[in-house]
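# Results of the structural survey
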Amino acid sequence: MKVSRRHLVWGAVATVLAILSILVVVPIARFMVFLERLRRAANRGRDHLFCETDYAELLAACRELSRRVASGECGVQGYFSFHSGKHDPQALSIPQAIRDIEPAIIWFDTGSKGDVTIELRPGPDWYGVVAFPEGQECSGDVKLTDGLWYCDAEYREPYLEYMKW
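So, here's what we can say about the structure. From a predicted model like this one, the values you see are computed outputs, not experimental measurements.

Take the side chain of Ser66 next. Turning to its location among the elements, Ser66 is positioned in helix H2 (residues 55-71). What makes Ser66 buried here is its relative accessible area of 13%. Among all residues touching Ser66, those that are not within four sequence positions of it are Gly114 and Val116.

Following this line, the structure appears as structure tokens:
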């Protein structure tokens, strides 16, 4: 059976389109899976924060970690990133009270304030907790205890049901 030139051209075009679609669809699908895993971990962390966390213990862990970062003991400047999948070698030194809420990113104010921001869900619609040093004036959306505040980008007037929840 002889294959016509037309069939060869259509076969080549179909093959190229299939390869291109794989090169486009697979990365998008992997990114969507990554976002879903991040969302689930963030929700588990928030549930743990509200239902099971001892706020005084979490605050003490944050302050201790802030002190260690400020003194240079941890060898870290600025932040720990967990959600990249490549944990920092220093991540094992993070206190269990912080690891229990499954942080995505931990930001350290290595400047004047010394506060610690733990993002459970990073991005423009982030939520997490902010721990302030003792004696520091504090602010956030929901006060968990003196010096520890829950912050949420969606916690505002247009989302009254969310705020109530």
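Moving on from the coordinates now.
A few words now on the pattern of salt bridges. For the structure on display, the rule yields six salt bridges. In this structure, the salt-bridge partner of Glu102 is Arg44, at a minimum N-O distance of 2.7 Å. Taken together, the residues Glu102 in the loop between helix H3 (96-99) and strand E2 (105-108) and Arg44 in helix H1 (residues 5-51) connect sequence positions 58 residues apart. Overall, the relative accessible area of 27% leaves Glu102 in the partly exposed class. Of the charged contacts, one joins Lys143 and Asp146 as a salt bridge, the two residues approaching to 2.5 Å between their closest N and O atoms. The exposure class assigned to Lys143 is partly exposed, which follows from its relative accessible area of 46%. One continuous salt-bridge network, built from bridges that share partners, spans Glu36, Arg39 and Arg40.

Let us now look at the packing of aromatic side chains. Enumeration according to the criterion identifies two aromatic pairs in this entry. Above the plane of the ring of Tyr127 lies Arg46, whose end atom (NZ or CZ) is 4.0 Å from the centre.

Given a rise of 1.5 Å per residue, 47 residues ought to cover 69 Å, and the 68 Å separating the end C-alpha atoms of H1 matches this to within 8%. Residues of H1 that are buried: Leu38, Ala41, Ala42, Gly45, Arg46, His48 and Leu49.

The rules behind each value
Residues numbered from 1 in each chain as written. Predicted model: local features only at pLDDT ≥ 70, side-chain atom pairs only at ≥ 80, totals over all residues. Heavy atoms only, no water. Helix = DSSP H or I, 4+ residues; strand = E, 2+ residues; numbered from the N terminus. Buried < 20%, exposed > 50% of the residue type's maximum accessible area, 1.4 Å probe, protein only. Contact = heavy atoms within 4.5 Å. Salt bridge = Lys/Arg side-chain N within 4 Å of Asp/Glu carboxyl O. Phe/Tyr/Trp six-rings, centres within 6.5 Å; stacked < 30°, edge-to-face > 60°. Lys NZ or Arg CZ within 6 Å of the ring centre and 35° of its normal. Expected span 1.5 Å × (residues − 1).

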